[in-house]
Structure formats: structure tokens, C-alpha cells
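# Report on the structure
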Amino acid sequence: MSQKLRVQNDVSVIEVANVSKVFELYDNHSSRTLSALNLGWLVGKGRVKPSGTKTALLDISLKVKVGEKVGIIGRNGSGKTTLLRLIIDQIAPSSGQIIKNGSVQAMMQTGFGFNEELTGYQNVSNSLLYNGLTDNQRSDALDDVIDFVELGEFINYPLKTYSLGMAARLEFATATAIHPDVLVVDEVLGAGDGYFARKSADRIRHLIDNCTLLLVSHSMQQIEEYCDRVIWLDNGILRADGPASDIVLEYEKYMAEYLEEENRKVELHQSSLGVDEEDFFSDNRKAEKVFMKLCEQSKSAKNNISMQLKACFELDEADHLVCRTGDDICIRLEANVVGKTVETCETFLWAVSPEGTYIFEATGATHQLSDGSNLLFMSKSKLNAGIGNYFLRIGLRHPETKRIISLCEDNLMLRLLPTNYSDPPYVHLEGMWSGDNTSSAPSRIDAWV
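Residues numbered from 1 in each chain as written. Predicted model: local features only at pLDDT ≥ 70, side-chain atom pairs only at ≥ 80, totals over all residues. Heavy atoms only, no water.

## A look at the confidence of the model for the chain
Scored by pLDDT, the chain has a mean of 76; 69% of the residues are at 70 or more. Predicted confidence is poor over residues 420-430, with pLDDT under 50, and the contacts of this stretch with residues over four places away or in other chains come to 46 contacts. (pLDDT = per-residue confidence, 0-100. Contact = heavy atoms within 4.5 Å.)

In C-alpha cells form, the structure reads like this:
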């Protein structure tokens, strides 16, 4: 931290004065690009005008003093990230002024600028150089990152060979190797599980002990742990500013009432739905093409059996479900087998968007199906998938060859409604497959959005 900031610890390191931010809305990306580059004449137009506007922040004023740990809370769309982006000069205010006194480091998108073709070492070095560190500072920071991530010889391997956990540790360590006057953090406060989660928490605490902190988080536990002051934004307006414990208590009370009302709306929405889902699943042809392509890649196995599969959501015994991120979900799969005993098979689930984008595959336990019927279940404690619409197709296949033994003829249709804690695109499906003749086993994900 600069000498000036050490001595004058009552100085405002950030001052936001009457700041507003209005975003122009366009019907498509092409119109936005043409407008930004003033190239409307290319398509026979003058200036391409927006179809509307969205006020993200309205007349915000606040001051942050040196050494303060300030949490910024509020529902999605309240303007939290917009405020941080303004402070780090990623975007400009529509009106008002932001004055900063000291260096600012943002942890809003770890790994920004990393190149998968370069080694971990090269990526770290380039990132530190980009952030303006001197040769001596960069050398010390490199040693610090290498020591923290514990990747051994893999530090000299291309980033594209890293697992998700290895890459996350490297990106996190690089972002926290710089010691700014002001640290701006948007939800990023750790990397990995267990041992490295603890290391990450210790690293963050050491870093923020020596700087001013601005932290956006939906975790009130994190806010109270790291912050002594909280700013509450609601629909672009500064709703409250005060001691962390007081504002968090007020916010949690508000959110309890808000979520109770949202639950009521969801229940009303669910009760109003019939079998016809054309209001939000108007066309499944694109999804069907993807499912057909997946089937072609996994040609059906030759078996001396006849099998029919039927799947539904256990909650309402229908082929459609409307819920929210984090809700409980259970899928019931009924397999009717006629003929010889089926060889060992595994349960799988494909998910495709209505636009025809393959999203993920969940693989379950192995089973032995014989004459008669077997009921298989996929149960979940929480559905951690991003908001949006999904088509699901469930089937059985050989665990080794992956050849399909049987596939449900109909799709399951899943809709996840927007809530305060669900931002697309995010999928992390956890659950257990179980059946008559097998013990429970966890489902797994082989793709991410």
C-alpha cells in the first residue's frame, strides 16, 4: 500500500458521486455491434437505435475509506456487479463521477487472458506482466504462485492438459499474487475442495488484511466473515449502508419474505400447467436431432430381449416439471423386460436445450435386469442447474461399449425458473441411481456449460 494511504487512513480510497448507469438494449448482437461502431450505413441505416434501455444504477453515492472491508449484497439484477465494473473502469458511468486513490485489483474473472496452448508457468508470467509488476515483483510473485498451487512438473505443461481443479487453483493463485490498495471481488473467494479450500481461505485473509476490500457475494456467511460494513443494492438503488451484522439481518428478513412470495408464485404456476407445455417448449425438433445424433454415435446393441422404458418425474408423475435451482427432484425410470436376462447395463441421462445444444450427460449405477419389471430411481437432494428449459432423454446401455440397450421414446421436459440464486449457464448435477438389484451409486457429469 502506498505511503500516502498508510498515513492518511481516514482518506476515501473510493468515492462514488451521484453515479447512474443506463444500458441500451438491442434486439440482437448485430445491431449492438453496428451501433457501437457507428456502422449503420453498412445496412442502409443511419445510427442504429436501441430498442429500449435498462437503468442498472440510479444516483448512487458512497465513500469507502482506506482499510475498510465492504460487502455489497442484493438480489440478482440489483446492480452489484455493475457497480464493481464501474469502479475498475471496465465500463463508464452514464452520469456522475468515480474517484479512486490507489491501485485496484479485480478478482471478477480469474483466468482472464489465459491461453490454453501456453504452459501454466507462461500464463502466470504473462498475467503478472500484464498487471504491471516489475521484474523483481514478478519473480517473487511467480515463486509464490508456484509454491501455492503445488502442481510440480505440471506447471510446465500446457494449460489445456489441466483438470478443472488444477486450472482453478492456478488462476486463483495468480489473481491473489498481486497486492493492491483496493481488492475488488465478485463471488470468487476460493479454489478447490478440502485442503486447497482451506489454503485459499488463508490466502484471502492474508491478502485483505493489508488492503481495502469490496466483496460481492450471495453468501451472507462470507459477508459477515470478511466485511465490517455492508452496502445493500436493490433494483439499482442504494437501499441501506451500515454495519455488516445489522444490514445482513435486515436483508435476510427481506429475502425470507421475498422467497416465500416466490414460492407461492411457483406453486401457482405449477398448478396452472397442463400436459401441453407449448408455452415454453414450443418446438422440440432441434433437441430431437441432437438425441438422434447421440443415438447414432452409440448404436443399439444386439440383444435377445424386448424392453420398454418409461420415465417421469416422481414429484408429479408427469413428463414435465417446473421448479427452481436447488429444489429436490426425483426421476422414476420403469423398465419392462421380456425375454432373457439382460447383461449388465448402466443408466444414463442426456440433457439438450430447446435450441439443440447438447448440455450434459449423467451416468448412473450398473444393473442386472431380468424377466419382469424393475423400478430404477434417480433421486437428488438439490438440482444445481442453471435457469432455462431442458429436454431430458433417459436410457440403458452397456457400461463398457456404451452401446444402447434401450432408450425412452419420450423426452422429459424440465423448466427452471429464475430465482435470486440461479444464474445461467451452470450445470452441476448430483444424485443417486438405485434399483431393485443394485446398491445406490452417485450420478456423474461429463460435460459443463
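## Re the sheet that holds strand β4 (residues 95-100)
The strands that make up a sheet are held in pairs by hydrogen bonds between backbone atoms, and each pair lies either parallel or antiparallel. An order of β2-β1-β4 is seen for the three strands of this open sheet, with the pairing classed as antiparallel. Edge strands, defined here as strands with exactly one partner in the open sheet, are β2 (52-65) and β4. Neighbour-to-neighbour, the strand axes of the sheet open up by a mean angle of 20 degrees, direction not taken into account. Bridge analysis of strand β1 (residues 12-25) against β2 gives 10 bridges, and the strand direction is antiparallel. The residue of β2 that forms the bridge with V16 is L62. (Pairing = 2+ DSSP bridges. Helix = DSSP H or I, 4+ residues; strand = E, 2+ residues; numbered from the N terminus. Axes fitted to C-alpha atoms, helices over the stretch in contact; angles between N-to-C directions.)

## Considerations on unusual backbone geometry
Phi is positive for N235, close to 55 degrees, though the residue is something other than glycine. Considering the arrangement of structural elements, one finds N235 in the loop between β8 (229-234) and β9 (237-243). The residue K402 is not glycine, and still its phi comes out positive at about 65 degrees. If you trace the backbone, K402 turns up in the loop between β17 (388-397) and β18 (404-407).

## Quick word on the pattern of salt bridges
It is possible for side chains of opposite charge to pair when their charged atoms get near one another. Scanning all chains against the criterion turns up 13 salt bridges. For the salt bridge of R205 with D202, the shortest nitrogen-to-oxygen distance reads 3.2 Å. Of this pair, R205 and D202 both sit in helix α7 (residues 195-208), three residues apart, roughly one helical turn. Under the relative-accessibility criterion, R205 is labelled partly exposed at 33%. The exposure class assigned to D202 is partly exposed, which follows from its relative accessible area of 49%. Between E288 and R393 there is a salt bridge, with the nearest N and O atoms lying 2.6 Å from each other. Here E288, found in helix α10 (residues 285-297), pairs with R393, found in strand β17; they are 105 residues apart in sequence, far enough to count as distant. Note on E288: relative accessible area 23%, which makes it partly exposed. Judged by relative accessible area, R393 falls into the buried class, the value being 6%. The structure contains a network of salt bridges with shared partners spanning E68, R229 and D241. (Salt bridge = Lys/Arg side-chain N within 4 Å of Asp/Glu carboxyl O. Buried < 20%, exposed > 50% of the residue type's maximum accessible area, 1.4 Å probe, protein only.)

## Topic: the packing of aromatic side chains
Throughout the structure, instances matching the rule amount to six aromatic pairs. Here the aromatic rings of F148 and F172 are separated by 6.1 Å at their centres, their planes lie at 40 degrees, and the arrangement is tilted. A residue pair is termed long-range when its members are at least 10 positions apart, and F148 in helix α5 (residues 135-149) and F172 in helix α6 (residues 164-175) qualify at 24 residues. Take F148 and F172: they sit in the same class, and that class is buried. An aromatic cluster of at least three residues, connected via ring pairs, comprises W232, Y251, Y254 and Y258. We note R203 situated over the ring of F148; from NZ or CZ to the ring centre the distance is 4.6 Å. (Phe/Tyr/Trp six-rings, centres within 6.5 Å; stacked < 30°, edge-to-face > 60°. Lys NZ or Arg CZ within 6 Å of the ring centre and 35° of its normal.)

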